[in-house]
Amino acid sequence: MSRTPLIAGNWKMNGTIAESEDRVASLLPRIATAEHVDVAVCVPFTALQAVVDSTRGSRLEVFAQNMHHEPSGAFTGEISAPMLTEIDVHGVVLGHSERRQLFGETDKVLQLKVPAAMDAGLTVILCVGETEDERENGDTERRLRHQVQEGLEKVPVERLGEVVVAYEPIWAIGTGQTATAEQAQDALAFVRALVADRSKEAAEHVRVLYGGSMKPDNAAELLALPDCDGGLIGGASLDVEQFVAIIDAAPR
Ligand code: 13P
């Protein structure tokens, strides 16, 4: 089974509309021939429309970074799936550890968000990952099992293979400290095995990404791991040269 790698840049809360347009204008010509990978950028809400418009007809996919599970209602400050699809956004990052840790996002609510996004036609990148304490206490697999099983519980088995899961060890995010190749491969394979518990066929299709201080100098090793189908890149995705170097490091 060959899965097309996905290299996704998570810009987090970085980028006015003007900055976002500048960044994609520099990026687009650099990825025009990168046919060995799918490339996405996960953009702040306010810049989504502008980035979608300036990337129309290109290979670059545009993702949001969060979404409410209801289509509309009294949820002040939230954005729904129909609001994203109306402006032709391709997908959405759900359950990023920053949303879990800083904004109280739970596995229970992700259980609703993931199928709501998929029903609306959005590609989902579901983020999972353990804290440093959980790793040190030998709780990594328990944590990942909970996050993957809960997050995907309401996804029908025939659509399970469409999901992208990003394994992002929290201790590696923004710290410059990456998982070793062995730690990353073990966790990525474990995530795939959890999907296989529901469907072996879906597990062959599902893309599992690594995220957490992926940089040009460690990307080739991580992206070559047997169960690594791409990367979710934070800091390095804000620098077009670094992001392109990571795209170039993906296996052909
Ligand atoms: P860094 O690449 O900055 O560590 O961030 C990773 C991440 O959180 C991507 O979602």
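Computed from a prediction, not measured in an experiment: that's the story for all the values here.

(A) Broad picture of the packing of aromatic side chains. All chains considered together, the criterion is met by one aromatic pair. One residue, R23, lies across the ring of W11, its end atom 4.4 Å from the ring centre.

(B) Structural detail: the site of the ligand. Around the ligand, the structure places N10, K12, H96, E168, A172, I173, G174, G212, S213, L232, G234 and G235. At 2.6 Å from an oxygen atom of the ligand is found a main-chain nitrogen or oxygen belonging to G174. Contact between the ligand and G234: an oxygen atom at 2.9 Å from a main-chain N or O atom of the residue. Relative to its unbound accessible surface of 300 Å², the ligand loses 97% to contact with the protein. A breakdown of the residues in the shell around the ligand according to their chemical character gives three nonpolar, seven polar and two charged.

(C) Up close: helix α8 (residues 181-198). A rise of 1.5 Å per residue sets the reference length of α8, with its 18 residues, at 26 Å; its end C-alpha atoms lie 26 Å apart and thus fit the reference within 8%. Restricting attention to buried positions, one finds in α8 the residues A184, Q185, A187, L188, F190, V191, R192, L194 and V195. Each element contacted by the buried residues of α8 is listed here: β5 (123-128), α7 (140-152), β6 (164-167), α9 (200-205), β7 (207-211) and α10 (216-223).

(D) Structural view of the packing of helix α1 (residues 17-31) against helix α11 (residues 240-249). In the contact formed by α1 and α11, the axes pass within 10 Å of each other and the chain directions differ by 30°. Considering their axes alone, α1 and α11 lie roughly parallel with respect to each other. Relative to α11, α1 is oriented so that their crossing is right-handed. Touching R23, S26, L27, R30 and I31 of α1 are V240, E241, F243, V244 and I247, all from α11. The residue inventory of the contact of α1 with α11, partitioned by class, reads six nonpolar, one polar and three charged.

(E) Just the packing of α7 against α8, in detail. At their nearest, the axes of α7 and α8 sit 10 Å apart, and the two run at 45° to each other. By the angle between their directions, the pair α7 and α8 is classed as oblique. Crossing handedness for the pair α7 and α8: right-handed. Judged by residue contacts, E141, L144, R145, V148, Q149 and L152 of α7 engage A187, F190, V191, L194, V195 and R198 from α8.

(F) Representation of helix α2 (residues 45-55) in the model. Turning to α2, its buried residues are A47, L48, A50, V51, V52 and T55. The inward-facing, buried residues of α2 contact α1, β2 (38-42), β3 (60-64) and α3 (81-86). Once α2 finishes, G57 follows within two positions and takes phi at roughly 80°, a positive value.

(G) Structural view of unusual backbone geometry. Phi angles above zero are rare outside glycine, and K12 is one such case at about 55°. As for its position among the elements, K12 is in the loop between β1 (6-10) and α1. Positive phi outside glycine occurs at D88, with the angle close to 65°. Looking at where D88 falls in the secondary structure, it is placed in the loop between α3 and β4 (91-94). Judged by relative accessible area, D88 falls into the partly exposed class, the value being 38%.

(H) Structural view of the sheet that holds β7. Taking strand neighbours around the barrel as the criterion, the eight strands line up as β1-β2-β3-β4-β5-β6-β7-β8 in a closed arrangement whose pairing is parallel. Geometrically, the sheet is characterised by an average inter-axis angle of 25° between neighbouring strands, direction not taken into account. Strand direction decides the pairing type here: β7 and strand β8 (residues 230-233), joined by two bridges, are parallel. Paired with Y210 across the strands is G231, a residue of β8. Against the sheet, α8 contacts β5, β6 and β7, and its axis sits at roughly 150° relative to β7.

Rules used in this analysis
- Residues numbered from 1 in each chain as written.
- Predicted model: local features only at pLDDT ≥ 70, side-chain atom pairs only at ≥ 80, totals over all residues.
- Heavy atoms only, no water.
- Phe/Tyr/Trp six-rings, centres within 6.5 Å; stacked < 30°, edge-to-face > 60°.
- Lys NZ or Arg CZ within 6 Å of the ring centre and 35° of its normal.
- Near = heavy atom within 4 Å.
- Polar contact = N/O pair within 3.5 Å; in protein donor to acceptor, adjacent residues only side chain to side chain.
- Areas by Shrake-Rupley, 256 points an atom, 1.4 Å probe, with all protein chains shown as cover.
- Nonpolar A, V, L, I, M, F, W, Y, C, P; charged D, E, K, R; others polar.
- Helix = DSSP H or I, 4+ residues; strand = E, 2+ residues; numbered from the N terminus.
- Expected span 1.5 Å × (residues − 1).
- Buried < 20%, exposed > 50% of the residue type's maximum accessible area, 1.4 Å probe, protein only.
- Contact = heavy atoms within 4.5 Å.
- Axes fitted to C-alpha atoms, helices over the stretch in contact; angles between N-to-C directions.
- Parallel < 35°, antiparallel > 145°, perpendicular 65-115°, else oblique.
- Left-handed = near helix turned anticlockwise from the far one by under 90°.
- Pairing = 2+ DSSP bridges.

Spatial relationships are all this shows, so hold off on functional conclusions.
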